[in-house]
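Residues per chain are reported as follows:
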Amino acid sequence: MFSQLKLKISSIVRETGKDTDEKLQSICELLKETVPYYDWVGFYFRNGDKEELKLGPYAGAPTDHTIIPFGKGICGQVAVSNQNFVVPDVTAQDNYIACSITVKAEIVVPLFVNDKNIGQIDIDSNTPDPFSAEDERFLEYINREVAQLF
Ligand code: SME
């Protein structure tokens with residue numbers, strides 16, 4: 001599944017006639033539709049020079065959390081740590097921002113452009129403990145591809 005998706009994502013990134021947000025939107029939708037345990041897929045980006053993240057394109061239920069201060073929640077922690085954050089069980093996290101009561105697990109992988117953390121891909125799952133190292137490598141690949149758009 002991931003090897004086919006990688007090809008599709010690379011071709012979305014290289015498509016002509018679509019702007020960056022449209023490409024990111026297509027990637028979110030493709031991931032949500034194809035991977036059974038990806039229930040919400042979105043990109044957050046640093047909001048200018050502010051110490052906060054702003055929601056970019058996403059697929060899934062609308063969220064109230066369009067702005068997340070650095071350090072807050074799983075996303076805000078990744079903005080500061082520059083490390084992948086895999087949460088097998090969201091109820092075990094103190095510093096977590098709930099978007100929906102159906103969410104059981106979350107993975108956030110930072111997006112680097114010229115070694116600078118400019119944002120992240122965030123995935124919520126309604127399945128408990130669904131993410132493996134394979135998901136991390138896959139999402140790192142996506143972010144390397146997406147980085148070429150910036
Ligand atoms: N759960 C995230 C907030 C963003 S939503 O998942 C869309 C967090 O704790 O940072």
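First, a word on what this report is: a plain description of the structure on this page. No experiment lies behind these values; they were computed from the predicted model shown.

To continue, consider the overall build of the protein chain. Each helix and strand in the protein chain was counted, giving four helices and six strands. Moving toward the C terminus, one meets the helices and strands of the protein chain in the order α-α-β-β-β-α-β-β-β-α. For the protein chain, the C-alpha radius of gyration of 14 Å lies close to 15 Å, the compact-globule estimate for 150 residues. With the C-alpha coordinates of the protein chain rotated into their principal frame, the extents come out at 40 × 35 × 25 Å. Out of the 150 residues in the protein chain, the part that is buried amounts to 47%. If you take every contact in the protein chain between residues at least 6 apart in sequence, the share linking residues at least 24 apart comes to 50%. Within the structure as shown, the protein chain displays about 7,700 Å² of accessible surface, and the carbon and sulfur contribution to it stands at 49%.

With that out of the way, let us pick up the site of the ligand. Taken together, Trp-40, Tyr-44, Ile-68, Gly-73, Ile-74, Cys-75, Tyr-96, Ile-97, Cys-99, Glu-106, Asp-122 and Asp-124 form the complete shell of residues around the ligand. Cys-75 places a main-chain nitrogen or oxygen 2.8 Å from an oxygen atom of the ligand. Asp-122 is positioned with one of its side-chain polar atoms (N or O) 3.4 Å from an oxygen atom of the ligand. If you list the elements that add at least two residues to the shell around the ligand, you get strand S1 (40-46), helix H3 (73-81) and strand S6 (116-125). Element by element, the count of residues in the shell around the ligand is highest for H3, at three residues. Grouping the amino acids of the shell around the ligand by side-chain chemistry returns eight nonpolar, one polar and three charged.

Taken N-terminus to C-terminus, the directions of helix H1 (residues 2-14) and helix H2 (residues 20-34) make an angle of 165°; their axes are 9 Å apart at the nearest point. When the interaxial angle is binned, H1 and H2 end up roughly antiparallel. Both H1 and H2 take part in a crossing whose hand is right-handed. Along its contact with H1, which presents Leu-5, Lys-8, Ile-9, Ile-12, Val-13 and Arg-14, the element H2 presents Lys-23, Ser-26, Ile-27, Leu-30, Leu-31 and Thr-34. Of the residues that constitute the contact of H1 with H2, the class distribution is seven nonpolar, two polar and three charged.

Reading guide: rules and limits
Residues numbered from 1 in each chain as written. Predicted model: local features only at pLDDT ≥ 70, side-chain atom pairs only at ≥ 80, totals over all residues. Heavy atoms only, no water. Helix = DSSP H or I, 4+ residues; strand = E, 2+ residues; numbered from the N terminus. Rg over C-alpha atoms; globule rule 2.2 N^0.38 Å. Buried < 20%, exposed > 50% of the residue type's maximum accessible area, 1.4 Å probe, protein only. Contact = heavy atoms within 4.5 Å. Areas by Shrake-Rupley, 256 points an atom, 1.4 Å probe, with all protein chains shown as cover. Near = heavy atom within 4 Å. Polar contact = N/O pair within 3.5 Å; in protein donor to acceptor, adjacent residues only side chain to side chain. Nonpolar A, V, L, I, M, F, W, Y, C, P; charged D, E, K, R; others polar. Axes fitted to C-alpha atoms, helices over the stretch in contact; angles between N-to-C directions. Parallel < 35°, antiparallel > 145°, perpendicular 65-115°, else oblique. Left-handed = near helix turned anticlockwise from the far one by under 90°.

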